[in-house]
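Here is what each chain is made of, one letter per residue.
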Amino acid sequence: MPKPEARRGGWRWALAGLALVAAVVATQSGLDRLSRKTPQLERLVAGPFRANAALMRGRIDTAFGRDDAATASAVQAVRAMPIDSASAGLLGAILLRREEPAAADAAFRVAAAGGWRDMATQIYWTEQSAIVGEWDLAAARLDAMLRARPDMPQAVQLRDAFEADPAGRMALAHSIGQRPNWLPGYLTINARIEPAALRRRAEVLLLAARESAPLGCDILTGFTLGLIDKGMFDAANRVWGAHCPRGGRITDLNDPDFDRLSTDRVPAGWTVATGGDVYVSPIWADGAGVSAQNSGRAAKAVLQQPVALGAGTRTVRWTASEGGRVTDRVGVSLDCGQPTRPQIGGSERSVAIPDCSVQTLSIWLTPGAGPVSIQKIEVINP
């Protein structure tokens, strides 16, 4: 019969072994959970513990186009985590890429039953809702995804599908009417967007103003200016008028009495030039106009605004004074966005309308010792 000391020693060794096994299991289990978000840890997880690690390995293989390996890893992840939506969603995405739609649909149904947190699953069912014409449901799913991740890479592709269908545009317009957090990104115009897509986006915004409410001048300024810069003046004018009815029509000469000035560029109305040599400020009295000063060495455009005047010739007339007397330091130009110094002096000028959809009307001022008051400007039709 073993002595008591021997029995105690055996128990100690057994407990130590169990503790070591528990430590290994805990470490591997912890590494597996961490590997779900940390790709570098995936290779450190041993075979029996690979659940999240298999999911990560599948994502890595998918990114590199290794579909066979990705499929094997996704299947392993699904077996290890059968109620986890991410593993089934990954398998569904891989099967879609392998052009196995029936199997992919089955995988995405499993993923949906496991919850809607997986992005691939949400994208799939958003697209399926759109395919069968359930645009309101598709829009609700798209809105949920974009609220969680406004910068998601698939956003442009998904919104393109909505914009290409009249019913999709209406559903998207209703979402925009709620002023979601992803709206600023939607209103950003990048260099890659095609004119046709931009026109469809403008149509969505017109629907949003009609079906919900105008979004306001501030939020639509950048989008409207983007339309103008791309030569899409008619769309710019309609969008601006729908969402900023108090901002004036871009077609007209706005604010002829200089009651509203902005140091930022605006779609309709005057933008004030800024710089060390130029100072422009409103004269705070009804109908008093604007005070402008140029302390530099050459004439400069001190005020500008976009206009859209039909072909032909127009007379531009202004009222300006210096020290209470009529001044000859003011001139105007009308061009396609690259102002060149005009003839200075007088109080009116006959100008030919340049051949562009949107012109830039500029008021110029030559240097002088004091400020000039510009009270009024008008464009006279023939």
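Rules behind the numbers
Along each chain, residues carry numbers from 1 onward, in the same order as the chain's sequence is written. Thresholds applied to this predicted model are a pLDDT of at least 70 for local features of residues and 80 or more for the giving and counting of side-chain atom pairs; totals over whole chains, interfaces and linings are not thresholded and use all residues. Neither water nor hydrogens contribute to the side-chain values; these are computed over all heavy atoms in the structure. For every residue, the accessible area obtained with a 1.4 Å probe (protein chains only) is divided by the maximum for its type, and the residue is called buried under 20%, exposed over 50%, and partly exposed between those limits. The numbering of helices and of strands both runs from the N terminus, where a helix is a DSSP run of H or I of at least 4 residues and a strand a run of E of at least 2. Only heavy atoms enter the contact rule, under which two residues are in contact if any of them lie within 4.5 Å. Here, the term disulfide refers to a pair of cysteine sulfur atoms separated by no more than 2.5 Å. An axis is simply a line fitted to the C-alpha atoms; with a helix, the fit covers only the stretch in contact. Between two such axes, the angle follows the N-to-C directions and lies from 0 to 180 degrees. By definition in this entry, angles of less than 35 degrees are roughly parallel, angles greater than 145 are roughly antiparallel, angles of 65 to 115 are roughly perpendicular, and the rest are oblique. By convention the crossing between two helices is left-handed if the near helix lies anticlockwise of the far one by an angle smaller than a right angle, and right-handed if it lies clockwise. Each residue gets one of three labels, nonpolar for Ala, Val, Leu, Ile, Met, Phe, Trp, Tyr, Cys and Pro, charged for Asp, Glu, Lys and Arg, and polar for the others, Gly among them. Each aromatic pair joins two rings of Phe, Tyr and Trp (for Trp, the six-membered one) with centres within 6.5 Å, and gets the label stacked for planes under 30 degrees apart, edge-to-face for over 60, and tilted for any other angle. Note on criteria: charge over ring means Lys NZ or Arg CZ within 6 Å of the ring centre, with the direction from the centre no more than 35 degrees off the ring normal. DSSP calls a pair of strands paired once it identifies at least 2 bridges connecting them. On a scale of 0 to 100, pLDDT captures the predictor's confidence in every residue.

So, helix α13 (residues 233–243)
No. 1: For α13, the complete set of buried residues consists of Phe233, Ala235, Ala236, Asn237, Val239, Trp240 and His243.
No. 2: Where α13 is buried, its residues touch α11 (195–211) and α12 (217–229).

Describing the state of the cysteines
Here, the word disulfide means a covalent bond between the sulfur atoms of two cysteines.
No. 1: Counted by the stated rule, this structure contains two disulfides.
No. 2: Disulfide partner of Cys217: Cys244, at an S-S distance of 1.8 Å. An S-S torsion of about 80° defines the bridge between Cys217 and Cys244 as right-handed. Pair noted here: Cys217 is in helix α12 and Cys244 is in the loop between α13 and β1 (261–262), with a separation of 27 residues, a long-range link.

With respect to the packing of helix α6 (residues 119–131) against helix α7 (residues 135–148)
Axis angle and axis distance: for two packed helices, these are the angle between their axes and the distance between the axes, and together they describe the pair.
No. 1: Their axes nearest at 8 Å, the elements α6 and α7 cross at an angle of 155°. By the angle between their axes, α6 is roughly antiparallel relative to α7. You can see that α6 and α7 cross each other, and the crossing is left-handed. Residues Met119, Gln122, Ile123, Trp125, Thr126, Ser129 and Ala130 of α6 lie in contact with α7, whose contacting residues are Trp135, Leu137, Ala138, Arg141, Leu142 and Met145.
No. 2: Its residues assigned to classes, the contact of α6 with α7 comprises nine nonpolar, three polar and one charged.

Thoughts on the packing of aromatic side chains
The relative placement of two aromatic rings is captured by the distance of their centres and the angle of their planes.
No. 1: Scanning the entire structure with this criterion turns up four aromatic pairs.
No. 2: When the centroid spacing of 5.0 Å and the interplanar angle of 80° are considered together, the rings of Tyr124 and Trp125 count as edge-to-face. The exposure classification of Tyr124 matches that of Trp125, with both residues buried.
No. 3: Sitting over the ring of Tyr186, Arg201 keeps its end group 4.7 Å from the ring centre.

With respect to the sheet that holds strand β10 (residues 359–365)
No. 1: Strand order across the open sheet formed by five strands is β1-β2-β5-β10-β8, with mixed pairing between neighbours. Unpaired on one side and paired on the other, β1 and β8 (330–335) mark the two borders of the sheet.

Regarding the packing of α11 against α13
No. 1: Here α11 crosses α13 at 20°, and the two axes come no closer than 9 Å. For the element pair α11 / α13, the angle class is roughly parallel. Crossing of α11 over α13 shows left-handed handedness. In contact with Ala202, Glu203, Leu205, Leu206, Ala208 and Ala209 of α11, α13 contributes Ala235, Arg238, Val239, Ala242 and His243.
No. 2: Looking at the contact of α11 with α13, its residues break down into eight nonpolar, one polar and two charged.

Quick look at the confidence of the model for the protein
No. 1: Here the protein averages 78 in pLDDT, and 74% of its residues register 70 or above.
No. 2: Ranking the elements of the protein by mean pLDDT puts helix α1 (residues 4–35) last, at 44, and helix α9 (residues 166–176) first, at 95.
No. 3: Counting interchain partners and residues more than four positions distant, the pLDDT-below-50 stretch residues 13–36 has 29 contacts.
No. 4: Below pLDDT 50 for its whole length, residues 38–51 participates in 34 contacts with residues either more than four positions away or in separate chains.

Examining the pairing of β10
No. 1: Counting buried positions along β10 yields seven of seven residues, so the element is predominantly enclosed.
No. 2: Covered by surrounding structure in β10 are Gln359, Leu361, Ile363 and Leu365 together with Thr360, Ser362 and Trp364, the residues of both alternating faces.
No. 3: Both strand β5 (residues 300–307) and β10 contribute to a ladder of seven bridges, which runs antiparallel. Pairing of Ala301 across the sheet is with Trp364, part of β10.
No. 4: In the sheet, β8 pairs with β10 via six bridges, with the strands oriented antiparallel. Paired with Val330 across the bridge in β10 is Leu365.

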